[in-house]
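The chain contents come next:
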Amino acid sequence: MAYSEPFRIKTVEKIYQSTEEERRKWIEESHFNMFYLRSDQVAIDLLSDSGTGAMSCEQWAELMLGDEAYAGSASYFKLEKAVKDVFGMPYFLPAHQGRGAENVLFATILQKGDMVVNNVHFDSTKAHIEYRNAIAKNCVIAESKMDDVYHPFKGNVDTEELERILKAKESVKLIFVTITCNNIGGQPVSIGNMREVYKIAHKFNIPVCYDAARFAENAYFIKTRESEFSDHSIREILQEMFRYCDLMVVSCKKDALANTGGFLAFRSEELYEQAKVYESFFEGLHSYGGLSGRDMGAMSVGIYESLDFDFLRSRNRQLEFLAGKLEQNGIPFMKPVGGHAIFINAGKFLPKVPVLEFPGQTLAVELYIRSGVRGLEFGSLPSGRDPKTGLNRIADAEYLRLCVPRRTYTDNHLNVVAESLISLYKERDSIKTGLEIVYEAPIMRYPTVRLKRVEDKKINRI
Ligand SMILES: Cc1ncc(COP(=O)(O)O)c(C=O)c1O
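All figures in this text were calculated on a predicted structure; none of them were measured in a lab.

Undergrad: Before we go on, may I ask you to explain the site of the ligand in this structure?
TA: Neighbouring residues of the ligand: 14 residues in total, closest Gln 97, Arg 99, Asp 211, Ser 251 and Lys 254. Within the backbone of Gly 98, a nitrogen or oxygen atom sits 2.8 Å from an oxygen atom of the ligand. One nitrogen or oxygen atom from the side chain of Asn 182 is found 2.8 Å from an oxygen atom belonging to the ligand. Look at the ligand: alone it shows 390 Å² of surface, and the protein chains cover 96% of it. With 3 residues, the top contributor of residues to the shell around the ligand is helix 4 (residues 98–109). Residues that form the shell around the ligand fall into these classes: 1 nonpolar, 7 polar and 6 charged.

This is the structure in structure tokens:
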């Protein structure tokens, strides 16, 4: 059966059609870092699905209803209602975006030397933990590292390893489950795994927190891949998913379909009261958390819109359309394709480029020059350096992440992406050298890093 997108386009934005010559100049001026490019230098922007989606006419209408009172705004209460209703969390604090919520949470509960275990930490989560001299430990099933092995829930926590860690370590403060798991390709977590994690965590008296930026995509995969839930609605699946956590942090720039915003929510009133103290000096008063009333309104509408199965199915099919084209041409990527992005294995795509010349970034640069498509390296560049040794951390794989913003691009745009990758793949043997770092920040280096092309093969330092 053929399905179309369950929406039509009402407003459009012009895309400047640049030349390859212009793009060569712009990327060099941008130090070969995608974050320094201006958006009008980009034709198809797959840098991030964060805050880049198209809002609905109902969300735009809600902006006009935004209540900008300093305290107790009506928009705050609309958001509170959505959070309680959809996630079943009685206490919540808005935040300007996901990492704002993380900052409040970790300030509340984390001390030096503590450990947080996660399937895979998102970089801002890891940075917040390491900034507090605590330890961010990943604990995901082995299949997540095998691109060609099919597993329906590659984001699952390795529960045997989790139990081993908890038995050996007394300082584990929190168990995170990132749904879907961004850093390994937007791979989902099953409800079976959530139940098991919760059981183990409670045996050791440790709270479970969901990093739930992509809650709806995760629920879609549960409905389509976990047979117990095939007849459940997305809303019912979410209710079941959120029974197995004690608190949550959310970036509403993803599945909540807002251009900005986030929140943290709790079952415990005590923890909420403690976090409220940090909220007021990091984010703002507990009833706005760094947000305007209109943004809270857009978030509250977006949370409900994200539950639409037809929308989630059409989004998933768009990613499968791109994945199918790459598969037909033998291009290596993480399988199955994730909820929000396709992760091209750049290490395999460009085998001649050494790891520390960043094959993912090199592929991102070549793709941009060819067709103006902007993607993001997801490999050793964001892995940064070991805080103790100062050495580069080598990622398990060198990926180029192509994120698909929600309700923004057509299949035809994605066809251009596929065709550009296919033509580059045919010429891959001619790409033998990559990039080297000329400047990097001490923490979270990738957004501001400056690179240059490696001219000879001498550079291979760790
Ligand atoms: C899984 C995950 N957690 C947290 C964040 C941080 O959210 P924000 O960008 O809104 O600060 C992101 C952002 O991409 C994410 O993907």
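Undergrad: Even after reading the chapter, I still don't get the packing of aromatic side chains, so can you show me in this structure?
TA: Each aromatic ring pair is specified by the distance between its two centres and by the angle formed by the two planes. Within this structure, the stated rule accounts for 21 aromatic pairs. Their ring planes at 70 degrees and their centres at 5.0 Å tell us that Phe 87 and Phe 242 sit as a pair that is edge-to-face. Residue Phe 87 is found in helix 3 (residues 74–87), and its partner Phe 242 is found in the loop between helix 9 (234–241) and strand 7 (247–251); the two are separated by 155 residues along the sequence. The pair formed by Phe 87 and Phe 242 is uniform in burial state, with each residue classed as buried. Between Tyr 220 and Phe 221, the ring centres sit 5.9 Å apart and the planes meet at 70 degrees, which makes this aromatic pair edge-to-face. Accessibility assignment for this pair places Tyr 220 and Phe 221 in one class, buried. Here the aromatic cluster, defined as three or more aromatic residues joined through ring pairs, consists of Tyr 76, Phe 77, Phe 87, Phe 92, Tyr 210, Phe 215, Phe 242 and Phe 263. When the ring centre of Phe 309 is taken as origin, the NZ or CZ atom of Lys 223, which lies over that ring, is 5.4 Å away.

Undergrad: Would you mind showing me how to read the packing of helix 6 (residues 159–168) against helix 7 (residues 191–203) here?
TA: Packed helix pairs are characterised by how far apart their axes lie and by the angle those axes make with each other. Where helix 6 meets helix 7, the closest approach of the two axes is 10 Å, and the angle between their N-to-C directions is 10 degrees. Between helix 6 and helix 7, the interaxial angle falls into the category roughly parallel. Of helix 7, the residues touching helix 6 (which contributes Thr 159, Leu 162, Glu 163 and Leu 166) are Asn 193, Glu 196, Val 197, Ile 200 and Lys 203. Here the contact of helix 6 with helix 7 is composed, by residue class, of 4 nonpolar, 2 polar and 3 charged.

Undergrad: Looking at this model, I keep getting lost on a nonpolar patch on the surface. Mind explaining?
TA: Together, Val 277, Phe 281 and Phe 282 line one region of the surface with nonpolar side chains, adding up to about 300 Å² of accessible area. Mapped onto the elements of the fold, Val 277 is located in helix 10 (residues 269–282). A relative accessible area of 47% places Val 277 in the partly exposed class.

Undergrad: What is the right way to read the domain arrangement of the protein from this model?
TA: Accessible area lost during the coming together of the parts is what is often quoted as the interface size. Parsing the protein into structural domains produces domain 1 (20–49 + 309–453) and domain 2 (57–305). Centre-to-centre separation of domain 1 and domain 2, based on C-alpha positions: 26 Å. Tallying the contact residues gives 32 residues for domain 1 and 37 residues for domain 2. Among the residues of domain 1 in contact with domain 2, Leu 312, Met 334 and Pro 336 are the three that bury the most area, contributing 20% of the side total. Linking domain 1 with domain 2 are 9 salt bridges.

Here is what the cut-offs are and how they apply
Residues numbered from 1 in each chain as written. Predicted model: local features only at pLDDT ≥ 70, side-chain atom pairs only at ≥ 80, totals over all residues. Heavy atoms only, no water. Near = heavy atom within 4 Å. Polar contact = N/O pair within 3.5 Å; in protein donor to acceptor, adjacent residues only side chain to side chain. Areas by Shrake-Rupley, 256 points an atom, 1.4 Å probe, with all protein chains shown as cover. Helix = DSSP H or I, 4+ residues; strand = E, 2+ residues; numbered from the N terminus. Nonpolar A, V, L, I, M, F, W, Y, C, P; charged D, E, K, R; others polar. Phe/Tyr/Trp six-rings, centres within 6.5 Å; stacked < 30°, edge-to-face > 60°. Buried < 20%, exposed > 50% of the residue type's maximum accessible area, 1.4 Å probe, protein only. Lys NZ or Arg CZ within 6 Å of the ring centre and 35° of its normal. Axes fitted to C-alpha atoms, helices over the stretch in contact; angles between N-to-C directions. Parallel < 35°, antiparallel > 145°, perpendicular 65-115°, else oblique. Contact = heavy atoms within 4.5 Å. Patch = residues over 30% accessible without salt bridge, like charges linked within 9 Å, V, L, I, M, F, W, Y side chains within 5 Å. Salt bridge = Lys/Arg side-chain N within 4 Å of Asp/Glu carboxyl O. Domains from an automatic or database assignment. Buried area = accessible area lost by both parts, 1.4 Å probe.

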